[in-house]
Amino acid sequence: MPPESLIEAVMVNDIASRAGQRTRKNGGTRLVRREALAGYLFISPWLVGFVIFFIGPTLTSFGLSLTRFAIVTPPVWVGLDNYRYALASDPLVWTALRVTTIYSVAHVALALLCSFLLALLLNQPIRALSVFRVVYYLPVLVPAAASAIMWLWAFNPEFGLINSGLSYLGITGPLWLAHTQWALPTLIIVSLWGVGGPMLIYLAGFQGIPTALYEAASIDGANAWARFVNITIPMMTPVLFFNLVLGVVNSFQVFTTVYLMTQGGPGYATLVFVLYLYQKAFQSYQMGYASALAWILFVIIFLLTLLVVRSSDSWVYYEGRLRGR
Amino acid sequence: MSSTSRRTFLRLTALLGAAGCSSAILAACGATPPPTATAAPAAPTTAPAAAPTQAPAATSTPAPAAAPTQAPAATPTSAPAATAAPAAPSAEVRWAQSSLGEARDAVQDQMAQGFQKAFPNVKFTVERRPYDQYFVKLQTEFVAGAAPDVSLMERNWSVPGAARGMLLDLMPFVTQDKINRDDYFAEVFSSYTWHGKYWGTYLYGIGEAYFANKALFDKAGVKLPAANWTLEDLLSISKSLTTGDGPGKQYGLDFGYNAIWAGDATLIRNFGGKILNEQGDKAIWADDPKSIAAIQWMVDTMYKSKVAPTPQSTQGQPNLFISKRVAIEENGSFTMSQKIAGLKDDLAVLTTPTGAAGNFPFNASSSWAVLSSTKVKDQAWELAKYIGLGAGQEIVLKMGIPGIKKLAYGPYLQQFPNLNLQPVLENFEKHGTYYVFTPDSDAWWNAASQALGPMWSGEKSVPDAMRAAQDAVNAVFAQRPPELNG
């Protein structure tokens, strides 16, 4: 930026700041009010959409959660009964929570690890790097329905590719999705098919680490492991944090793969929370109860996200921020 | 020339943008026109094959009590719905269909053209919607006061819809029009009757049958069974037709239709058992030795005699019967066109085998319901009658078994000269049955299927799994809101 532009910018900033102070002190000048109005008008399409399509349905769903509502018949006020029934009397809610928690813990941990290691490999100066990056990202672009059908075929216990392969090694493969003990682990394995997404974010993070840090460390005698532990990992913690938050939020809302591959079975072994919510809403037509389940899930995800965010102070390193601030 | 300042320009742009977006959003939230409404074909180019002699003998014309001025002129005929036309043009009838492939869409188009030709004074529009979430969307439209007048209705939607007051009872129209029920298969009326009322006319039958690959029979030197074959015959033949092992194994039998509401239910009935009590509000099968014996028989074909693949083996696989890896498949007649395409002259269609208590093949159909919100009841009934009980059945026989017996035994059978379907149709007529539907059918089927899952994988014994399924189904019934009891 040329010096004169810089001075101009500082002056404009100063004027705006003073104008802001005057506004706060005197209730606002005409100019500031008009500019504020113009600003609100500019963002009003988004605001109107946000209120109508997000805030409105959100508040409506909370209202519905306090009723017994079967779409066609008028809602009947039941107070907190839906919440009480869900948490105290409906065993499937706890089944769904247990299944979802196991899925989330395993999926998030494995996905973070696999995508991190994959990104690390794809950050190396090797031949045909772009091809590898595209290949590993490609599954993210495959529609969930198509990949679900492919995995169903692969995990078929009798004719599937995986058990056929295992049989060549003399191993009798399990029933995978058809067995209550194996169905959830199978879905977790399938979920790793989509690690290309976080991998790409890690890759961008790796490439954002200044090479000067590595050079300085090398000059100081740090070996590869020391550089990885003391430079790469700390510098990547903001990206790790981002992927962790997204992973937790998304994994607790897993639906499509489970819906397409197991429908929650066998014997509710893969009944994830959102699938149960869906069944209550669109198979049992219990919209009030389903709304209550949605709010329970919202609270769970909110608390978990809060926990992750709060914990970030102790393990996420931001280059421009001092420790303890 | 007046100039506009940059600030004024931006302000005006923002104002216009905000106003435009707000009005668009408000318009979108307001009264919506019918979704993807397409005008009914005005000039029928392919009129339905008129076969009035094969139509039912319901000769009286509709005489709607509510709007006598719109009553069609009395024109006694052997194809009443095709020829009787209301005297005066009336409000538009909206007909909602689902899109289920080109062949069915073409048949629905022809039905629309046929109706328009028969009732030139009735204005109507066809709305073809995706099948996915069809019933949920229909409920939403109903609440919003924007529901169509006539709609596709599946069996598992019909009772929930009727229980919620969405549908119009068609029994008064049937009585009024003196429709002779003897002309129809019993299921045309019984499968859509709930609490003594009639909630929808017939689309086409999807009767349960056994499909056989004649080439595999010939190869094994096994003769096709006679129409009165039994479950013992089925097991014995299936053993003869099962060969090999591992991924290349050929199975004698596949329960392709083994859902709780079809194949399993048929087996249970053939064994003399029951799933629900008469009122349809309690599962009783785990307390019924005959029901347990039926399901045990089915499981034994998979794990004991190993003549049938387990459900998990067929998951995600191309159809084993069409792939010629299964010699006999139990399934609905709606799969017949696929099988003819796959096996050609090697296909044979067999009756369902008889059990200790008899033979009760599943036979039912989707339906055409009239929504209770309609303002044009009489015209809507005319449409539902035409397509479900009248001349529309002459067109629909290209897709499935028509509900009118004369059409089924006549032009329907004539389409398949190489398939001996006569005994199969006779079996439907004599013994065909449908399964009990409740206001929460989807929910309890899902609960039962979940609980039976570990039985199919061999993790649980049949009695234990059926007990779990019974408890799960009864838990669903216990949650049924009182307003859904009808």
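Moving on to the overall build of chain B. Within chain B one finds 19 helices and 12 strands. Here chain B holds 486 residues, and 56% of them are scored as buried. For chain B, restricting intrachain contacts to residue pairs at least 6 apart in sequence, the fraction spanning at least 24 positions comes to 75%. Carbon together with sulfur atoms contributes 57% to the accessible area of chain B, which is approximately 19,100 Å² in total.

A tally of regular secondary structure across chain A gives 14 helices and 2 strands. In chain A, which comprises 325 residues, the share counted as buried stands at 40%. Expressed as a percentage of contacts within chain A between residues at least 6 apart in sequence, the contacts between residues at least 24 apart total 64%. Per element, the accessible surface of chain A, about 18,300 Å² overall, is 70% carbon and sulfur.

Another point: the pattern of salt bridges. Under the definition given, this model contains 14 salt bridges over all chains. With its nearest N and O atoms 2.7 Å apart, the salt bridge here joins Arg84 of chain A to Asp81 of chain A. Residue Arg84 of chain A and its partner Asp81 of chain A are located together in helix H3 (residues 81–89), separated by 3 residues, close to a single helical turn. The partner of Asp177 of chain B in a salt bridge is Lys385 of chain B, with the nearest N and O atoms 2.8 Å apart. Taken as a pair, Asp177 of chain B in the loop between helix H6 (171–176) and helix H7 (186–190) and Lys385 of chain B in helix H14 (residues 377–388) lie far apart in primary sequence, 208 residues in all. Of the two residues, Asp177 of chain B and Lys385 of chain B, both sit in the buried class. Here the residues in one salt-bridge network are Arg94, Glu127, Arg129 and Glu141 of chain B, joined through shared partners.

Turning next to the packing of helix H10 (residues 211–219) of chain A against helix H11 (residues 224–252) of chain A. Residue and element names in this part refer to chain A. Where H10 meets H11, the closest approach of the two axes is 10 Å, and the angle between their N-to-C directions is 160 degrees. On the basis of their axis angle, the class for H10 and H11 is roughly antiparallel. As for how H10 packs across H11, the hand of that crossing is right-handed. Side by side, H10 and H11 meet where Leu213, Tyr214, Ala217 and Ser218 of the first sit next to Arg227, Ile231, Thr232 and Met235 of the second. Within the contact of H10 with H11, the residues separate by chemical class into 5 nonpolar, 2 polar and 1 charged.

As a further point, take the interface of chain A and chain B. Facing 45 residues of chain A, the contacting portion of chain B comprises 48 residues. For the pair chain A and chain B, the two sides together bury roughly 4,000 Å², of which 58% comes from carbon and sulfur. Summed over the shared surface of chain A and chain B, the result is 0 salt bridges. Between the two partners, chain A and chain B, sit 15 residue pairs in polar contact (both at pLDDT 80 or more). Elements with a contribution of two residues or more to the side of chain A that touches chain B: helix H2 (30–64), helix H6 (144–154) and helix H13 (273–282) of chain A. Among the elements that take part in the side of chain A that touches chain B, H2 of chain A stands out by supplying 12 residues, more than any other.

Residues and elements named next belong to chain B. The buried fraction of strand E7 (residues 201–205) amounts to 5 of the 5 residues, a majority that puts the element mostly inside the structure. Alignment of E7 against strand E12 (residues 365–370), held across 3 bridges, turns out to be antiparallel. For Gly205, the partnering residue across the bridge sits in E12 and is Ser365.

Residues and elements named next belong to chain A. Space inside the second largest pocket adds up to approximately 760 Å³. The wall of the second largest pocket is formed by 27 residues, among which Tyr103, His107, Ser191, Gly194 and Asn250 lie closest to the centre. Taken together, the elements giving at least two residues each to the lining of the second largest pocket come down to helix H4 (91–121), helix H5 (129–141), H6, helix H8 (183–191), helix H9 (196–207), H11 and helix H12 (256–261). For the lining of the second largest pocket, the per-class residue count stands at 17 nonpolar, 10 polar and no charged.

Residues and elements named next belong to chain B. One open sheet accounts for 4 strands, arranged E9-E10-E8-E11; its pairing is mixed. In the strand order of this sheet, the two ends are held by strand E9 (251–255) and strand E11 (347–350), each with one partner. On average, each strand axis in the sheet is tilted by 25 degrees relative to the strand beside it, whichever way the strands run. Note that strand E8 (residues 208–213) and E11 share 4 bridges and pair antiparallel.

So, about empty space enclosed by the protein. Residues and elements named next belong to chain B. Counting across every chain of the model gives 4 cavities of 30 Å³ or more. If you add up the space inside the largest cavity, you get close to 50 Å³. Forming the boundary of the largest cavity are Ala209, Ser333, Met336, Val349, Ile401, Tyr412, Leu421, Val424, Leu425 and Phe428. When residues of the lining of the largest cavity are assigned to their parent elements, the largest contribution, 3 residues, is made by helix H17 (residues 422–431). A class-by-class count of the residues in the lining of the largest cavity yields 9 nonpolar, 1 polar and no charged.

Further remarks concern unusual backbone geometry. Omega for the peptide link from Gly265 of chain A to Pro266 of chain A comes to -5 degrees, which places this bond in the cis form. If you check the backbone angles, Tyr268 of chain A has positive phi at about 65 degrees while not being a glycine. When you line up the elements, Tyr268 of chain A lands in the loop between H12 and H13. Owing to a relative accessible area of 15%, Tyr268 of chain A belongs among the buried residues under this scheme. Phi is positive for His195 of chain B, close to 55 degrees, though the residue is something other than glycine. Owing to a relative accessible area of 52%, His195 of chain B belongs among the exposed residues under this scheme.

Right, let's get into the confidence of the model for chain B. All names here are of chain B. When pLDDT is averaged along chain B, the result is 81; 79% of the residues meet or exceed 70. The secondary-structure element of chain B with the lowest mean pLDDT is strand E1 (residues 37–39), recorded at 38, while helix H9 (residues 231–241) shows the highest, at 97. Contacts for the low-pLDDT stretch residues 25–88, under 50 throughout, to residues beyond four places or in other chains number 131 contacts. This prediction of the complex comes with two scores: 0.79 for pTM and 0.74 for ipTM.

Our focus in this paragraph is H5 of chain A. Given a rise of 1.5 Å per residue, 13 residues ought to cover 18 Å, and the 19 Å separating the end C-alpha atoms of H5 of chain A matches this to within 8%. Its maximal kink placed at Val135 of chain A, H5 of chain A deviates by approximately 25 degrees, while the proline Pro139 of chain A follows within four residues.

A few words on the pairing of strand E3 (residues 124–130) of chain B. All names here are of chain B. With respect to burial, E3 is a largely interior element, 5 of its 7 residues being buried. Note: strand E2 (residues 93–99) against E3, 7 bridges, orientation parallel. Paired with Ala96 across the two strands is Glu127, which belongs to E3.

Applying the stated criterion across every chain yields a total of 38 aromatic pairs over all chains. On the basis of an interplanar angle of 70 degrees and a centroid distance of 5.2 Å, the ring pair of Phe62 of chain A and Trp295 of chain A is categorised as edge-to-face. Taken together, the residues span a long stretch of sequence, with Phe62 of chain A in helix H2 and Trp295 of chain A in helix H14 (residues 287–315) at a distance of 233 residues. Here the aromatic rings of Trp444 of chain B and Trp445 of chain B are separated by 6.2 Å at their centres, their planes lie at 70 degrees, and the arrangement is edge-to-face. An identical accessibility class is assigned to Trp444 of chain B and Trp445 of chain B; each is buried. Pairwise contacts between aromatic rings join Trp95, Phe115, Phe119, Phe124, Trp368 and Tyr386 of chain B into one cluster.

Rules used in this analysis
- Residues numbered from 1 in each chain as written.
- Chains lettered and ligands numbered in written order.
- Predicted model: local features only at pLDDT ≥ 70, side-chain atom pairs only at ≥ 80, totals over all residues.
- Heavy atoms only, no water.
- Helix = DSSP H or I, 4+ residues; strand = E, 2+ residues; numbered from the N terminus.
- Buried < 20%, exposed > 50% of the residue type's maximum accessible area, 1.4 Å probe, protein only.
- Contact = heavy atoms within 4.5 Å.
- Areas by Shrake-Rupley, 256 points an atom, 1.4 Å probe, with all protein chains shown as cover.
- Salt bridge = Lys/Arg side-chain N within 4 Å of Asp/Glu carboxyl O.
- Axes fitted to C-alpha atoms, helices over the stretch in contact; angles between N-to-C directions.
- Parallel < 35°, antiparallel > 145°, perpendicular 65-115°, else oblique.
- Left-handed = near helix turned anticlockwise from the far one by under 90°.
- Nonpolar A, V, L, I, M, F, W, Y, C, P; charged D, E, K, R; others polar.
- Buried area = accessible area lost by both parts, 1.4 Å probe.
- Polar contact = N/O pair within 3.5 Å; in protein donor to acceptor, adjacent residues only side chain to side chain.
- Pairing = 2+ DSSP bridges.
- 1 Å grid on protein atoms, 1.4 Å probe; cavity = no way out; pocket = protein on both sides within 12 Å on 5 of 7 lines; lining within 4 Å.
- Points joined across faces, edges and corners; volume = space filled by probe spheres on them.
- pLDDT = per-residue confidence, 0-100.
- Expected span 1.5 Å × (residues − 1).
- Bend = angle between axes of the 7 residues up to and from the residue.
- Phe/Tyr/Trp six-rings, centres within 6.5 Å; stacked < 30°, edge-to-face > 60°.

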